[in-house]
Amino acid sequence: MPIISKLSNISQVASLLRSPAASSIIQNAARNMGSHGPRLFPMIPTRMQWHKFKDTFHFFVMLGAIPVTAIIFYANVFIGPATLTEIPEGYEPKHWEYHRHPISRFISRYIHNSPQEEYEKQCHVINEEQQKMRLRKLEAEIKAKMAERRDYQAYYYRPVMAKYHRVAKQVADELEALEGER
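What you see is a predicted model; the values in this text were computed from it and never measured.

What counts and how
- Residues numbered from 1 in each chain as written.
- Predicted model: local features only at pLDDT ≥ 70, side-chain atom pairs only at ≥ 80, totals over all residues.
- Heavy atoms only, no water.
- Helix = DSSP H or I, 4+ residues; strand = E, 2+ residues; numbered from the N terminus.
- Buried < 20%, exposed > 50% of the residue type's maximum accessible area, 1.4 Å probe, protein only.
- Areas by Shrake-Rupley, 256 points an atom, 1.4 Å probe, with all protein chains shown as cover.
- Arc of directions from axis to C-beta.
- Salt bridge = Lys/Arg side-chain N within 4 Å of Asp/Glu carboxyl O.
- Contact = heavy atoms within 4.5 Å.
- Expected span 1.5 Å × (residues − 1).
- Patch = residues over 30% accessible without salt bridge, like charges linked within 9 Å, V, L, I, M, F, W, Y side chains within 5 Å.
- Axes fitted to C-alpha atoms, helices over the stretch in contact; angles between N-to-C directions.
- Parallel < 35°, antiparallel > 145°, perpendicular 65-115°, else oblique.
- Nonpolar A, V, L, I, M, F, W, Y, C, P; charged D, E, K, R; others polar.
- Phe/Tyr/Trp six-rings, centres within 6.5 Å; stacked < 30°, edge-to-face > 60°.
- Lys, Arg positive; Asp, Glu negative; His and termini not counted.

Novice: Could you clarify how one ought to interpret the overall build of the chain in this entry?
Specialist: Within the chain, the secondary structure is distributed over six helices and two strands. Beginning at the N terminus, the succession of helices and strands in the chain can be written as α-α-β-β-α-α-α-α. When each of the 182 residues of the chain is scored for burial, the buried share is 6%. Carbon and sulfur atoms provide 62% of the accessible area of the chain, an area that totals close to 17200 Å².

Novice: Would you explain helix α4 (residues 102-110) in this entry?
Specialist: Working note: α-helix, 3.6 residues per turn, so residues spaced by three or four point in the same direction. Residues of α4 that are buried include every one of P102, R105 and S108, and no others. Axial view of α4: buried residues confined to an arc of 125 degrees, hence all on one face.

Novice: Is there a simple way to explain the pattern of salt bridges in this structure?
Specialist: Oppositely charged side chains can pair when the atoms bearing their charge come close. All chains considered together, the criterion is met by four salt bridges. Across the pair K121 and E118 runs a salt bridge, and its minimum N-O distance is 3.8 Å. Of the two residues, K121 and E118 both sit in helix α5 (residues 115-149), three residues apart, roughly one turn of that helix. Of the charged contacts, one joins K169 and D173 as a salt bridge, the two residues approaching to 3.6 Å between their closest N and O atoms. Highlighted residues: K169 and D173, both in helix α6 (residues 162-181), separated by four residues, approximately one helical turn. According to the relative accessible area criterion, K169 is partly exposed, its value standing at 30%.

Novice: What am I meant to see in the side chain of S108 here?
Specialist: You can see S108 is positioned in helix α4. In this structure S108 comes out as buried when scored by relative accessible area, which is 9%. Apart from residues lying up to four places away in sequence, S108 is in contact with H95, W96 and H99.

Novice: How do you make sense of α5 when you look at a structure like this?
Specialist: Its 35 residues place the ends of α5 51 Å apart at the C-alpha level, agreeing with the 51 Å of an ideal helix rising 1.5 Å per residue. Trailing α5 by a residue or two, R150 shows a phi angle of about 50 degrees, which is positive.

Novice: Help me out: how do you make sense of a nonpolar patch on the surface in this one?
Specialist: Together, W50, F53, F57, V61, M62 and I66 make up a nonpolar patch on the protein surface, roughly 590 Å² of accessible area in all. With respect to the secondary-structure elements, M62 resides in helix α3 (residues 48-79). Relative accessible area serves as the criterion here: at 42%, M62 is assigned to the partly exposed category.

Novice: Hey, could you run me through the packing of α3 against α4 in this one?
Specialist: If you want to describe how two helices pack, look at the angle between their axes and the distance between the axes. Closest axis-to-axis distance for the α3/α4 pair is 9 Å, and the angle between their directions is 115 degrees. In terms of axis orientation, α3 runs roughly perpendicular to α4. Here I72, A75 and I79 of α3 come into contact with α4, specifically with P102, I103 and R105. Of the residues in the contact of α3 with α4, the class split is five nonpolar, no polar and one charged.

Novice: I keep staring at the packing of aromatic side chains and nothing clicks. Help me out?
Specialist: One pair of aromatic rings is described through two measures. These are the centre distance and the angle between the planes. By the definition in use, this model includes five aromatic pairs. For the pair W50 and F53, a centre-to-centre distance of 5.9 Å together with 35 degrees between the ring planes defines the contact as tilted. Pair noted here: W50 and F53 are both in helix α3, with a separation of three residues, about one helical turn. With 6.0 Å between their ring centres and 20 degrees between their planes, F53 and F57 make a pair best called stacked. A residue pair is termed a helical-turn pair when its members lie 3 or 4 positions apart in one helix, as F53 and F57 do in helix α3 at four residues. What links up through ring pairs into an aromatic cluster is the set W50, F53 and F57.

Novice: In this structure, what is going on with the side chain of R105? I would like to understand it.
Specialist: Tracing the backbone shows R105 in helix α4. With no salt bridge to any partner, buried R105 finds its closest opposite charge in E97, at an N-O distance of 8.2 Å. In contact with R105, not counting residues within four places along its chain, are I79, G80, A82, W96, H99 and R100.

These figures come from the coordinates and say nothing about function on their own.
What follows is the structure, encoded as C-alpha cells:
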C-alpha cells in the first residue's frame, strides 16, 4: 500500500512539471545580478573541459614554439649561413662542416652519427650475415655427412664419448661381415 501512495505522489509531481507555469519557470531560470534591473546570468552547461584543453594546448605550443622561434631567429640573424673559404694546408674538414645552415651543422655534429660510423656499422652487419651464411653452409654439410655415414643417431644427439660409439660401430660392422660369410 505505501508503494501505491508513493506512485500517486509521483504522478502529481509530474503533472505539476507539465503545467505551463512550471515550464516558463524552468526555461527562464536565471540569477538576478544586483538590484539595478533585469541583468540575468543564464544557466548554461559548463565548458570547463574545453577551456582547460585550450589552455593546456596553448601552453605547450608556446612552450615549444617560442624557444624554437628564438633559436631559429638567432641562428639566421647572428650566425648566418656558412661561406666558402680556402682550406688550410693539411686540414681535413669534419663531416658537419659541409652543411651550410648552422642548425643543420648542429644536428649533424651532435645528434646524427658521422657517415664513417654509419658505413662501419653497415660493414659490421654485412660481416655478421656472411658469418651466419658460412655457419649455415657448414651445418648443412655436417648434416649431409652424418646422414651419408650414419655416424650418429641425429645431428642434435651427442654421446658422452664419440670414441666408444665408433668402436661399437666398428664391432657391429665386423659382426655383420662375419654373419655375411656364413
